[in-house]
Amino acid sequence: MANVQAVLSALEVFSRVPEKAALEQANTWLQDFQHSSEAWSTCNVLLLSPEAPLAAKLFAAQTFRAKVTYDLSQMQREDLLHLRDTLLTALETYHTGPRTILVQLCLAISALALQLPAWQDPVQSMIESFGRNPATVPALLQFLTVLPEEVTTNTKIPITDEDYKERAAQLLTMNAPKVTDLLAMYLQAPGVTFAVQMQVFNALSSWLAAGEIVAMSLLNSPLLPYTFQALASDDLFDSAVTAICDLIHETQEVDDNMPVIEVIVPQVIALKPKLVECKEDPEKIRGFARIFAEAGEAYRGLLLHHPDTFFPIVEAIGECSAYPDLDIVPITFNFWMRLAQSIGKKSSVPPLFLDAYKALMSVIIRHLHFPADITSLTGQEAENFRSFRHVMGDTLKDCCGVLGTEQCLSAAYELITSGLARPNISWQEIEAPLFAMRSMGAEVDSNDDKAVPKIMDLIPSLPLHPRVRYAALLIISRYTEWINKHPDYIPYQLQYISTGFEDTDQEVNAAAGQALKYLCQDCRRHLVEFLPQLHSFLATMGTKLAQDDKVQVYEAIAYVISAMPMEQAAQSLRTFSLDILGRVHTLASKTAPATKEELVSIAHDLENLEVMLGVVQSFGEQLPTACQNTHQEAWAVFEPFLEKYGGDYPICERTTRVLRAGLTFFGASVLPITPSVLSRMGACFETTGFSSYLWLAGKLVGRFGEEGDPAIRAAFKDVYERASNKMVALLHEKTPQMIPDVMEDYLHMTLQMVEFAPDVFFPSPAFAVAFRVAMAGLTLVYTDIAYAGIDLIRTVLAHECLAPATQPPPPKFPIYAQAIRPVVEQEGSTVTGYLLSGLVGDFPEESIHMVITIFRVLARLWPQQLLVWLPLATQLLPSTAAPDAVKAAFLADMTSTIQAGDTDKVKYGITSLHRASRKARDRRRMGPMDG
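About the thresholds
Residues numbered from 1 in each chain as written. Predicted model: local features only at pLDDT ≥ 70, side-chain atom pairs only at ≥ 80, totals over all residues. Heavy atoms only, no water. Helix = DSSP H or I, 4+ residues; strand = E, 2+ residues; numbered from the N terminus. Polar contact = N/O pair within 3.5 Å; in protein donor to acceptor, adjacent residues only side chain to side chain. Contact = heavy atoms within 4.5 Å. Phe/Tyr/Trp six-rings, centres within 6.5 Å; stacked < 30°, edge-to-face > 60°. Buried < 20%, exposed > 50% of the residue type's maximum accessible area, 1.4 Å probe, protein only. Lys NZ or Arg CZ within 6 Å of the ring centre and 35° of its normal. Expected span 1.5 Å × (residues − 1). Axes fitted to C-alpha atoms, helices over the stretch in contact; angles between N-to-C directions. Parallel < 35°, antiparallel > 145°, perpendicular 65-115°, else oblique. Left-handed = near helix turned anticlockwise from the far one by under 90°. Nonpolar A, V, L, I, M, F, W, Y, C, P; charged D, E, K, R; others polar. 1 Å grid on protein atoms, 1.4 Å probe; cavity = no way out; pocket = protein on both sides within 12 Å on 5 of 7 lines; lining within 4 Å. Points joined across faces, edges and corners; volume = space filled by probe spheres on them.

K.L.:
Give me unusual backbone geometry: which residues, what numbers.
P.N.:
In terms of backbone geometry, most residues other than glycine have negative phi values and most peptide bonds are trans. Looking along the chain, the bond that leaves Gly97 and enters Pro98 is cis, with omega of 0 degrees. Of note, Pro98 is situated in the loop between helix H5 (80-93) and helix H6 (99-115). At Gln617, a position not held by glycine, the phi torsion is positive, near 70 degrees. Position of Gln617 among the secondary structure elements: in the loop between helix H33 (596-616) and helix H34 (630-645).

K.L.:
Break down the side chain of Asn509 for me, citing the residues and quoting the values.
P.N.:
Structurally, Asn509 can be placed in helix H28 (residues 506-522). Here the side chain of Asn509 touches Gly500 through a polar contact of 3.0 Å, landing on its backbone oxygen. Ignoring sequence-local partners within four residues, the contact set of Asn509 consists of Gly500, Phe501, Glu502, Asp503 and Asp549.

K.L.:
If you had to explain the packing of aromatic side chains to someone new, which residues and values would you point to?
P.N.:
As enumerated under the stated definition, the model contains 23 aromatic pairs in all. Relative to Phe353, the ring of Phe311 lies with its centre 5.3 Å away and its plane at 90 degrees, an arrangement referred to as edge-to-face. With Phe311 in helix H18 (residues 307-321) and Phe353 in helix H20 (residues 351-367), this residue pair connects regions lying 42 residues apart in the sequence. Here Phe311 and Phe353 have matching classes, each one buried. Chaining the aromatic ring pairs together yields one cluster made of Tyr720, Phe761, Phe762, Phe767, Phe771, Phe813 and Tyr816. Sitting over the face of the ring of Phe237, Lys284 holds its NZ or CZ atom 5.3 Å from the ring centroid. Over the ring of Tyr470 we find Arg467; its NZ or CZ atom is 4.9 Å from the centre of that ring.

K.L.:
Could you give an account of helix H25 (residues 466-478), with specific residues and numbers?
P.N.:
The end-to-end C-alpha distance of H25, which contains 13 residues, comes to 18 Å, matching closely the 18 Å that a straight helix rising 1.5 Å per residue would cover. Buried residues dominate H25, accounting for 10 of its 13 residues. All of the buried residues in H25 are Arg467, Val468, Arg469, Ala471, Ala472, Leu473, Leu474, Ile475, Ile476 and Ser477. The secondary structure elements touched by the buried residues of H25 are helix H23 (427-440), helix H24 (451-458), helix H26 (480-485), helix H27 (490-502) and H28.

K.L.:
Let's hear about the packing of helix H11 (residues 194-209) against helix H13 (residues 237-249): which residues, and what values?
P.N.:
Contact geometry for H11 and H13: axes closest at 9 Å, N-to-C directions at 20 degrees. Classified by the angle between their axes, H11 and H13 sit roughly parallel to one another. Like other packed secondary-structure pairs, H11 and H13 cross with a definite hand, here left-handed. Facing H11, whose interface residues are Met198, Phe201, Asn202, Leu204, Ser205 and Leu208, H13 presents Ser239, Ala240, Thr242, Ala243, Asp246 and Leu247. A class-by-class count of the residues in the contact of H11 with H13 yields 7 nonpolar, 4 polar and 1 charged.

K.L.:
Go over the layout of surface pockets with me, naming the residues and quoting the values.
P.N.:
Unfilled space is identified by rolling a water-sized probe across the atoms. Within this model, the largest pocket holds a volume of roughly 550 Å³. Tyr70, Leu72, Ser73, Gln115 and Pro158 are the residues nearest the centre of the largest pocket, which is lined by 25 residues in total. Taken together, the elements giving at least two residues each to the lining of the largest pocket come down to helix H4 (54-70), H6, helix H9 (161-171) and helix H47 (906-925). By residue class, the composition of the lining of the largest pocket is 12 nonpolar, 6 polar and 7 charged. As for the second largest pocket, its lining consists of 17 residues, and the residues nearest its centre are Thr543, Lys550, Tyr554, Arg583 and Asp605. In terms of residue class, the lining of the second largest pocket is made up of 6 nonpolar, 6 polar and 5 charged.

K.L.:
An account of empty space enclosed by the protein is requested, with residue identities and associated values reported.
P.N.:
Summed over all chains, the structure comprises 2 cavities of 30 Å³ or more. When its volume is computed, the largest cavity comes out at roughly 370 Å³. Along its surface, the largest cavity is lined by 26 residues, and His631, Ala634, Leu659, Gly662 and Phe666 are the ones closest to its centre. Of all the secondary-structure elements, those providing two or more residues to the lining of the largest cavity are helix H32 (566-589), H33, H34, helix H35 (649-666), helix H36 (674-688) and helix H37 (691-704). Per-element tally for the lining of the largest cavity: the top contributor is H35, with 7 residues. Class assignment of the residues belonging to the lining of the largest cavity gives a composition of 19 nonpolar, 5 polar and 2 charged.

K.L.:
Lay out the environment of Gln252 with the relevant residues and their values.
P.N.:
By the secondary structure assignment, Gln252 is in the loop between H13 and helix H14 (258-269). In sequence terms Gln252 and Ile285 are 33 residues apart; their C-alpha atoms lie 24 Å from each other. Side-chain polar atoms of Gln252 contact the backbone oxygen of His249, separated by 3.1 Å.

Quick look at the structure:
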């Protein structure tokens, strides 16, 4: 009774509005209780006690389900039949509900049936116990519904593959005929209620979906005709629709199921008039659409080979596609896609199907229309509609696959030209076919000389409405590969794009930027002669453009530059770069502090420069004449700029990214300025604590770490030690969780150090700091940081200097080893705890092999210390992640392995702990109050 009262007290917390801490405490206690062996008897008392509150009874039922899944091993085998009887007694008690408890009990009984061969025929037993009394039949049907789902989908049940196959066959396959007859009997039983009939359909769907009741077995069963008849009932409609769809799905193997298909198809076709009868009832139309689409997909081969018989299904699907409710329309899309794929494999297309896709194309373009009053859509509704238009665009591509892109484009073109000939045409009537043209653009042949030229000629004459201009600009974006083959159109498109930048609508500006980018990307060789025009465009329009649009213009220009001969490209890149660097220099030279607006403007300039360098990438090892001294000129601008404004975070971000792009562009040419850059990175991080300075320093170490220049080695040491001293200060003021970006970039920099500059990394006093920062990284839930921390510790401990493979070892190895050993001995206990905690916690799966390597090294080189460190670290692991029995087994395995000196077996101890903790965590993800 003490356990009962404790459970009731913990559950009572959920009925109040408690503090978060109290809620978490109660939740944890209930989870721990569910693990315990006492939970069996306590939950039996709660479940069968009339005065227990409903929440307690539900918790008891959920606990039985969890324990049958995870903890059956807690019971003696001879007690399992008694457990079965306990659950059946509870099911008898709750046969009228509540449904939540009934479902949990049925799931528990199903999981037990799978694991209890001594219960010889659970299905027959349940039929005998619950199937003869009309009052308990609903409980039996609930069990029959969940049994196939539980047997086929609950992967948590511990059972061997061989036992599973044998038992699943006994439970399901051998009982399928019996269940089929039983469901048919209940469906037609005198006085049967809609509720029971609905359960029959749900159970039928479950057995069909599991593949246990096969379609052919229903050929002479009353289940088949009655399922279609049930569509006339509002109460049974949804359940019948699902059962029919599952039945059709199970007949996809047409050759094996032809007799039953011949029964199903006429009944499906007979539903077609219902689309007109029920047109005012979207839910009914949704159900019919599901049936027709399922039939169309399952029988599409028959549709093509026997259109005279099966084409009414296509017509019905077409009517569903044309329905105005856009939540229903996409039910049909998968059918049209798969049918188009099948048609594409045929040498000719039957005329009926050509007509169907022509009608579909018209329907989709009609659906693409924005409402007459676009303000009638809420923000989310407008976003959903825009997203759905792209889905409809994919169906237009299917139309292209059947009809040919030229015919589809021509149809959209005719819609626009005929519309333009009418007075007072709405912008929606122009925009929708334009959007269709854009969607179909991916299918356009770049050699098309019929439809596309007419579209290109049409664009300049379109109305000036912003939505029309937006759509037209995006057509240009999509058709740039065609324009590349027809460069005569470039001047007209450039003019149209340029006008788009002048529009007051920001979306039109953005579309113009996108169009320019793709035009320059795909037509770069034709646009070289237009580069002066683009340069003057930036000079006159640059200040008026939003930054996102300006970025696209610079990216576009960079594509054109990349198509030039190298010397000419270098000179052009220099021209655009010096424009930006000149503004940076001017700002850095000002005696008065920069305003916020000036700093924002320069940050945008730097972003534009980065984008250009990102497109051009590099001119190779041998720089063109125009670029040979540019890196020194640029650094002469950037260094004083950073000294003055490096404390502004956006400036820091943008400058370091530009410098990184410059490193890629100039390559080894930047060696002479590398010490100065590293020194500035160290000084800036020391002053600001901004992680980007460490990020760039790490990139420089990775690029030039093997250079022997004493000035560069000294610069590595300087930035390493400055950064480490700053990390000590930061971690004194803040927790690692507060500075994840700094932690990550520091660790990545030190990983570069240990790989490329171990002579700098190990002997420095900063080494102990780096190791401690790596340890701190293990405590963070950020996957990349934890991984980097583990990687650094593994790299240090697995370094050859601790067990050199060659004799004599390299001269610096003893120095490295001398630096590593005292740090490991001082921090070993803590690092062991962090590693085990992360192993049963949030370490990324791909890092586990590194944890195994670390423990192997510790077991080999520090065995006695590890035997001291492990018990404390294991004891501190939370029981929620590692139950006491798991911890004890792990400690015993590791102790015997270390004492035997068999370090290869460390892997088994670590992986066993990891798997056991994952199992415990998976179980806890389903909280004690979850269904």
